[in-house]
Structures are given as structure tokens and as C-alpha cells.
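Examination of the molecular architecture
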Amino acid sequence: LEDPQFTTTDPNAKELLGNAKKLLSENQVIAIPTETVYGLASNALCSEAIQKIYFVKNRPLDNPLIVHISSLKMLKELLPDQIEIPKIYESVIKKFWPGPLTILLPKPESIPLEVTCNQPTVAVRFPSHPIARALISTCGFPLAAPSANASGKPSPTLASHVWTDLNNKIPLIIDGGQCNFGVESTVLDAISSKDPIILRPGGVTFEALVQIPGFENLRVYSKDFIDKKLEMAPTTPGMKYRHYSPNAKVVLIDLDGDRIKARTILKREVRRIKNGGAKKIGILVFTDNINIQNDVQESKIDLNTNTLINDFDLPNNNNTIEYSLGSSIHPEQVAKELFKGLRFLDERKVDYIIVEGIPEMNEGLAVMNRLRKAASTILKE
Ligand code: TXA
Ligand code: MG
């Protein structure tokens, strides 16, 4: 693992990186693209810069941040001689860095308390996005960065999402297009207890991690076990605070993959919510929905927005709007579209967003984790 060799002949790119570096060196906060979601970045070694992150996104002061590095050398420089990168992480680092995996390490003195909220551990990630990597290595210092949404909102996967939430609050948003993964990194803790544990499922899947030597007993927090003590502490991602919530109420139909039944319940819910007086309803749909091909065969997909122009067989369908998350048997597609879909429907001022669950396999685990947190109602019948 080496520093990315960022070479560009594009004077605009050089100028952009130079400007971004200047702002970050002045301890300002800027939005940057990563392969997972957009991040709200500032100098991870400076308390004042870190405090601004919490202020800008109105983040609870006890929710710790991830430190982003651009080389293992940079990580080693953060750790004093006595602290080594724990052996257990060696093979996951080799396999998944740079990429959407965050690991918990013993917190070194060099990291300000504001980053870790007094935790004994610090979360570290080596992103693979070329702009993020180039920027961190240009700066020469690590960047602390939570997702660049206003606290509680769905994470941004487009620069325009950041603009919506934070436009008058930060001096720069770097537009890198749509994020590839669309859900945040996997947060992995292999040092705090006997067995390694995924605190937050994300871009690197359980299935991929459990194959790594030393990770045979890998568990997933809140799926395989719940720790009452941890639950009270916000260090376990998403436990204490409301997350990923659009303005609309989200109804999740979570039937362990019974698609036919889910479809019936979905139609029933749309009717029920309409009868209850809701004016506009958004539905997150899948292209492989059972029967949906028949239901929507008259429909055209608007390729720019991913929405179905016509509606399927629902009463008063003129106020129902659909957004396609892609195929549910390709959870990586669903993950990429999820936050974008929630925000798309929110922008159209729907009162409710209804969505069916998908199997919790591969990226499906992260998708369901985010949907459960976004949902105000989860239907399980
Ligand atoms: O993909 C990502 O991880 C994105 C991009 C920008 O890198 N970042 C991101 O950051 O999702 P944020 O702040 O939205 O989520 C970080 C999560 C938080 O929920 C926090 O609880 C957890 O990581 N975390 C950070 N430090 C921790 C620690 N020392 N112990 C346990 N959890 C920690
Ligand atoms: Mg976040």
C-alpha cells in the first residue's frame, strides 16, 4: 500500500485540490466525494476544525467521527512507537483497503478527543475514491469526515444532496458524481471483545469478511446480539439517534422475502394511507417485483430520474410516485440507489414513502439496516 500517485495534467484539477487544501489548512470544513457517501471533511488533528464539523451538520457531540487516511504510512505516523496496528487487522487491510471498510484501533494521543468523543478507540478508514485519496495525500494530514448530510437525514450520494442540506454552511463542495456504493462503510471492531464484530454493516459485506482468517466467529451487532450497555452509548453506529430519515414517514414492509404477500400488503397500505388523507405517496420499487412487470407494463421508465412515469394498478394513482431501486437480487444496485431514492421522493414532498424489504444477503444487510433506522413503521405480518 502506497501513497496514491496523483498526477494530472488538468490545471483545473490541480487548482481545485490546491483550493481544497488551502481551506482545510485554515481549519475549514468542506464536502468531498468518497466511494461510499459524501463526507464532511476537516483536519483530523485539529480540535477547532473538528468542532466545526459537529456544528455544521448539527451532530450530537457524543457521536464519534471516522479518520480518513491516504496511506498506511500516514496511519503509522499517527500511532506512537508502542502502538502497532493489531495483527488481526493485517489481512483485512490487505484485502479491503483502500475501500469501504472502517476499523477500530486503540486511540493514539495524536487524535483529538473531539474525534472519538472520549472513546478508547478511533475509527480509521482508507477510502478508495481517487479524489478523496488525492486530497488527503495533498494535504499530508488525515481528514475526519462524517457523512455530509444534516444530522438525521439520509446520507448524500450526490453533490446536490450536500447542497440541499448544507449549501450556506460550507465554502466548498467537490462534485465527484454519484457515489459508487451508496451506503456508508462497514464499521469493524476486532479489538474490543473476544470475537470481531460488525458495528455497522456497509460496503464490505459480512460474507466477504467472514472468509478472512481470524474472522470465522464474526458477529453482526443488533442482528446476532445486542449489548444493553453499548445500546445506551452512541458509539455503536445509529443506536441512539434517529438516522437516515427523510421528511416523509417511511413504512417498511419487512416479510423475510415473501414477495407475493409483500405486494398485497403494499397495495393495501397505499390504500389505507390514502384513505387516511395523505396527499402524496412515494413507493420505492424493484424492477424484479413479482407482478410488477404486469402492473406497470404500460409504464415507461424515465432514465434520467429512474422513476416510472405511469402508475400501476392502484386507486387514485395520480398522487403516487415510484422510484426504482433496481433489482432486489442485486443488492449492490439497491444500496447505490437507496439514499438517492429516499431523497428523490422527499424532494417531491410525499407524505409517506413505502418500501419492501430485501433479503439480508451481501449488501442487503446494509440496506435493511438503513431502512429499519429510517422507518417510522415496520410491518411484519
Ligand atoms: O463511508 C463512511 O464511513 C462515510 C464516509 C464519509 O467515509 N462516513 C460516515 O461517517 O458514515 P458517519 O460519521 O456518518 O458514521 C461513522 C460511524 C458513526 O455512527 C460512529 O458511531 C461510528 O462510525 N464510530 C466512529 N468512531 C467510533 C468508535 N471509536 N467506536 C465505535 N463507533 C465509532
Ligand atoms: Mg452519517
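Preceding block: the structure.
Described below are features of the structure shown in this document.

Analysis parameters
- Residues numbered from 1 in each chain as written.
- Chains lettered and ligands numbered in written order.
- Predicted model: local features only at pLDDT ≥ 70, side-chain atom pairs only at ≥ 80, totals over all residues.
- Heavy atoms only, no water.
- Salt bridge = Lys/Arg side-chain N within 4 Å of Asp/Glu carboxyl O.
- Buried < 20%, exposed > 50% of the residue type's maximum accessible area, 1.4 Å probe, protein only.
- Helix = DSSP H or I, 4+ residues; strand = E, 2+ residues; numbered from the N terminus.
- Phe/Tyr/Trp six-rings, centres within 6.5 Å; stacked < 30°, edge-to-face > 60°.
- Lys NZ or Arg CZ within 6 Å of the ring centre and 35° of its normal.
- Axes fitted to C-alpha atoms, helices over the stretch in contact; angles between N-to-C directions.
- Parallel < 35°, antiparallel > 145°, perpendicular 65-115°, else oblique.
- Left-handed = near helix turned anticlockwise from the far one by under 90°.
- Contact = heavy atoms within 4.5 Å.
- Nonpolar A, V, L, I, M, F, W, Y, C, P; charged D, E, K, R; others polar.

**Notes on the pattern of salt bridges**
- The tally for this structure, following the rule as stated, stands at 15 salt bridges.
- Across the pair Arg268 and Glu269 runs a salt bridge, and its minimum N-O distance is 3.1 Å.
- Overall, Arg268 belongs to the partly exposed group, its relative accessible area being 35%.
- What makes Glu269 buried here is its relative accessible area of 3%.

**Remarks on the environment of Asn168**
- Structurally, Asn168 can be placed in the loop between helix H7 (159-166) and strand E7 (186-189).
- Residue class for Asn168 comes out exposed when judged on its relative accessible area of 66%.
- On a C-alpha basis, the gap between Asn168 and Asn180 in space is 26 Å, while along the polypeptide they are 12 residues apart.

**Here we look at the packing of aromatic side chains**
- Considering all chains together, one arrives at three aromatic pairs under this definition.
- Ring plane angle 45° and centroid distance 5.1 Å describe the contact between Tyr323 and Phe344, whose orientation is recorded as tilted. Highlighted residues: Tyr323 in strand E14 (residues 320-324) and Phe344 in helix H12 (residues 331-347), separated in sequence by 21 residues.
- Looking at Arg348, its charged tip hangs above the ring of Phe344, at a distance of 3.6 Å from the centre.

**Looking at the packing of helix H1 (residues 11-25) against helix H6 (residues 130-139)**
- Running from N to C, H1 and H6 point in directions that differ by 55°, and their axes come no closer than 10 Å. With respect to H6, the element H1 is oriented oblique. Considering the relative orientation of H1 and H6, their crossing is right-handed. Of the residues in H6, those touching H1 at Leu17, Ala20, Lys21 and Leu24 are Ala134, Leu135, Thr138 and Cys139.
- In the contact of H1 with H6, the residues fall into six nonpolar, one polar and one charged.

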